[in-house]
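A closer look at the structure
The lines below spell out each chain.
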Amino acid sequence: MTAQPSRPIPPIAATVASLMPRAKAELTELVAFQSVADPAQFPPSECRAAADWVADALRAEDFQDVSVFDTPDGSPSVYGYLPGPEGAPTVLLYAHYDVQPPLDPAGWVTPPFELTEREDGRWYGRGAADCKGGFIMHLLALRALKANGGIPVGVKVVAEGSEEQGTGGLERYAEAHPELLAADAIVIGDAGNFRAGLPTVTATLRGMTMVRVTVDTLRGNLHSGLFGGAAPDALAALIRLLDSLRAEDGSTTVDGLDAEGGWQGLRYEEEDFRRDAKVLDGVELIGHGSVGDRLWARPAVTVMGIDCPPVVGATPSVHSSARAQISLRVPPGQDAAEATKLLTAHLEAHTPWGARVSVEQVGQGQPFRADVGSPAYTSMADALGAAYPGQEMQIAGMGGSIPLCNTLAALYPDAEILLIGLSEPEAQIHAVNESVSPDELERMSVAEALFLVNYAAARPV
Ligand SMILES: [Zn+2]
């Protein structure tokens, strides 16, 4: 089924274009809040002020029940509801107003909390793309519809206040208040196009499991001159154990875990990946299959840290104990709990020399896969095609996880979830000199507006 926009595109695009100066002024105000949700780095009043700004913006658009509410991790989220026409579906629009810390202030060419247009035309500032720009995108889409016949769906907006901290405040709150965010379709405005100008929806996310493994061999450390060669070294045992998680080509091998999945969507060229990942000349990529297979359709193990003596101050010792933290990215189609079991069993089975091993689970999140044949996806495909003439919607995966996305998928199994946004690679989110492309902001806002029109037509409730 293909939905046709029930209103012509040009008026909506023209309205969004006319609203861009105002959008820039608003994004300037929003970026000026140092809303890093870590009280050790910035005062919580900065987050509170940003939340109030978002709430005021929703009230100005006639949203009802607008509230700034505290979530279990102490961070405030913002919610508002705009009722739609009788019988229309409800769409939840998500963004987060908290940002990554600016990192090294000296690394910024212009101040991180002053939105600045540079010669390349992009607007620089922390959160410009991730994800304050995402909130502005939602505002632009809604205003464009209001100016062109009205908003054809019911709209809920939620803006999270601790997304970048990963402390899960809104997830816990949503689980305790499942009615709050219930919707027919959910647009997560926190992703981005695969390349600027190439409209992309992220439709899958890998899940993750995280464990700590501890290996013990001796009652205490020994002198490596006196005992080395026969005494079982726990650090050496751990190194062998960690190595058992990889095949010769570097791909992940966990006993019993399928590591040969295939990716069907957008093609990620190896040379592009090398550039995006900043791989040094002459260094090979690891694994096999396409880049999409490796990033989005297969498990990937990472040793996050190892507890062992640092090089400075190292002594000639045989180590009695060593510990590592391991993450395992879990692709869609696999169960994170099952992956945790398999990883634990693998670690227990591959520990050499009869060394004592213990494995403790420290985190777990399920993978996510959207139904790309659903009315929401066909509506979005038409909208993106119209907003980016000559381009077709691309389906990408995301190698990381967005825990809230998994929470929403679990709470509302019938809701269609789409991830779009402004974080294309040039946006350099999380790094110094983050920026947003005003062209992307404009086009994606047009696309979101058209999506809501298409979806209302495609899915009368
Ligand atoms: Zn984000």
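All values derive from a computational prediction rather than experimental measurement.

Another aspect to go through is the overall build of the protein chain. The helix and strand inventory of the protein chain stands at 12 helices and 18 strands. Taken over C-alpha atoms, the radius of gyration comes to 24 Å for the protein chain, in line with the 23 Å a tight globule of 461 residues would show. Along the longest, intermediate and shortest principal axes, the C-alpha atoms of the protein chain span 85 × 45 × 45 Å. Here the protein chain holds 461 residues, and the buried ones make up 54% of them. On the protein chain, roughly 19,300 Å² of surface is accessible, and the fraction owed to carbon and sulfur atoms is 52%.

The subject of this paragraph is the environment of Glu442. By the secondary structure assignment, Glu442 is in helix H12 (residues 438-458). Given the relative accessible area of 25%, Glu442 is considered partly exposed. Here the alpha-carbon distance between Glu442 and Leu27, two residues 415 residues apart in the chain, equals 13 Å. Each residue touching Glu442, except ones within four places of it in the same chain, is listed here: Val16, Ala17 and Met20.

Counted by the stated rule, this structure contains 22 salt bridges. Between Glu26 and Arg22 there is a salt bridge; the shortest N-O distance is 3.4 Å. Of this pair, Glu26 and Arg22 both sit in helix H1 (residues 9-32), 4 residues apart, roughly one helical turn. Its salt-bridge partner being Asp276, residue Arg195 comes within 3.3 Å of it at the nearest N-O pair. One end of the pair, Arg195, is in the loop between strand E7 (185-188) and strand E8 (200-205); the other, Asp276, is in helix H7 (residues 270-276), and 81 residues separate them in sequence. You can call Arg195 partly exposed: its relative accessible area is 22%.

So, on to the nonpolar core. Among the nonpolar cores identified, the biggest contains 109 residues, and Phe135 and Phe451 are the most heavily contacted of them. Of the residues forming this core, the biggest block, 11 residues, is contributed by H12. Those residues within four positions of Phe135 in sequence are excluded, and the remaining contacts are Leu30, Trp53, Val54, Ala57, Leu58, Ala95 and Val157. Judged by nonpolar contacts, the second largest core, of 23 residues, contains Val211, Ala234, Ala237 and Ala355.

Position of Ala182 relative to the elements: it lies in the loop between helix H4 (169-176) and E7. The partly exposed category is assigned to Ala182, whose relative accessible area is 29%. In sequence terms Ala182 and Leu411 are 229 residues apart; their C-alpha atoms lie 8.1 Å from each other. Those residues in contact with Ala182 that sit more than four places away from it in its chain are Thr90, Lys156 and Tyr412.

With that settled, the discussion passes to helix H3 (residues 132-146). An ideal rise of 1.5 Å per residue puts 21 Å on 15 residues; H3 measures up with 21 Å between its terminal C-alpha atoms. The buried count for H3 comes to 14 of 15 residues, which makes it a mostly enclosed element.

Our next topic: the domain arrangement of the protein chain. Structurally, the protein chain comprises domain 1 (9-205 + 368-458) and domain 2 (207-275 + 294-365). Taken together, the contact pairs 15 residues of domain 1 with 13 residues of domain 2. Summed over both partners, the interface of domain 1 with domain 2 comes to about 1,100 Å²; 60% of that surface belongs to carbon and sulfur atoms. Between Arg195 and Asp272 there is a salt bridge whose closest N-O contact spans 3.9 Å. Looking at the side of domain 1 that touches domain 2, the elements that each hand over two or more residues are E8, strand E15 (368-369) and strand E16 (394-398). Among the elements that take part in the side of domain 1 that touches domain 2, E16 stands out by supplying 5 residues, more than any other. Looking at the side of domain 1 that touches domain 2, its residues break down into 7 nonpolar, 6 polar and 2 charged.

Think of an α-helix as 3.6 residues a turn; residues three or four steps apart then line up on the same face. Over its 17 residues, helix H2 (residues 44-60) runs 24 Å from end to end, which matches the ideal 24 Å to within 8%, given 1.5 Å per residue. Every buried residue of H2 is accounted for by Cys47, Ala50, Ala51, Trp53, Val54, Ala55, Ala57 and Leu58. The first or second residue beyond H2 is Asp62, which carries a positive phi of 70°.

Here we come to the sheet that holds strand E18 (residues 435-436). Sheet architecture is open: 3 strands sit in the order E4-E5-E18, paired in antiparallel fashion. Since the sheet does not close on itself, it has two edges, and those belong to strand E4 (116-117) and E18, each with one partner. Note that E4 and strand E5 (residues 123-124) share 2 bridges and pair antiparallel. For Glu117, the partnering residue across the bridge sits in E5 and is Trp123.

Below, the discussion takes up the coordination of the zinc ion. Protein-derived ligands of the zinc ion are His96 (NE2), Asp130 (OD), Asp190 (OD) and Asp190 (OD), with the metal-ligand distances lying across 1.8 to 2.7 Å. In this structure, the zinc ion is surrounded by 4 donor atoms whose angles at the metal cover 52 to 148°, and the resulting shape is irregular. Sequence spacing among the residues donating to the zinc ion works out to H-x33-D-x59-D. Of this pair, His96 sits in strand E3 (residues 90-96) while Asp130 sits in the loop between E5 and H3, and the two are 34 residues apart along the sequence.

Calculation notes
- Residues numbered from 1 in each chain as written.
- Predicted model: local features only at pLDDT ≥ 70, side-chain atom pairs only at ≥ 80, totals over all residues.
- Heavy atoms only, no water.
- Helix = DSSP H or I, 4+ residues; strand = E, 2+ residues; numbered from the N terminus.
- Rg over C-alpha atoms; globule rule 2.2 N^0.38 Å.
- Buried < 20%, exposed > 50% of the residue type's maximum accessible area, 1.4 Å probe, protein only.
- Areas by Shrake-Rupley, 256 points an atom, 1.4 Å probe, with all protein chains shown as cover.
- Contact = heavy atoms within 4.5 Å.
- Salt bridge = Lys/Arg side-chain N within 4 Å of Asp/Glu carboxyl O.
- Core = buried A, V, L, I, M, F, W, Y, C linked by side-chain atoms within 4.5 Å.
- Expected span 1.5 Å × (residues − 1).
- Domains from an automatic or database assignment.
- Buried area = accessible area lost by both parts, 1.4 Å probe.
- Nonpolar A, V, L, I, M, F, W, Y, C, P; charged D, E, K, R; others polar.
- Pairing = 2+ DSSP bridges.
- Donors = N, O, S within 2.8 Å, 3.2 Å for Na, K, Ca; no water.
- Tetrahedral: all angles 85-135°; square planar, octahedral: opposite > 155°, others 65-115°.

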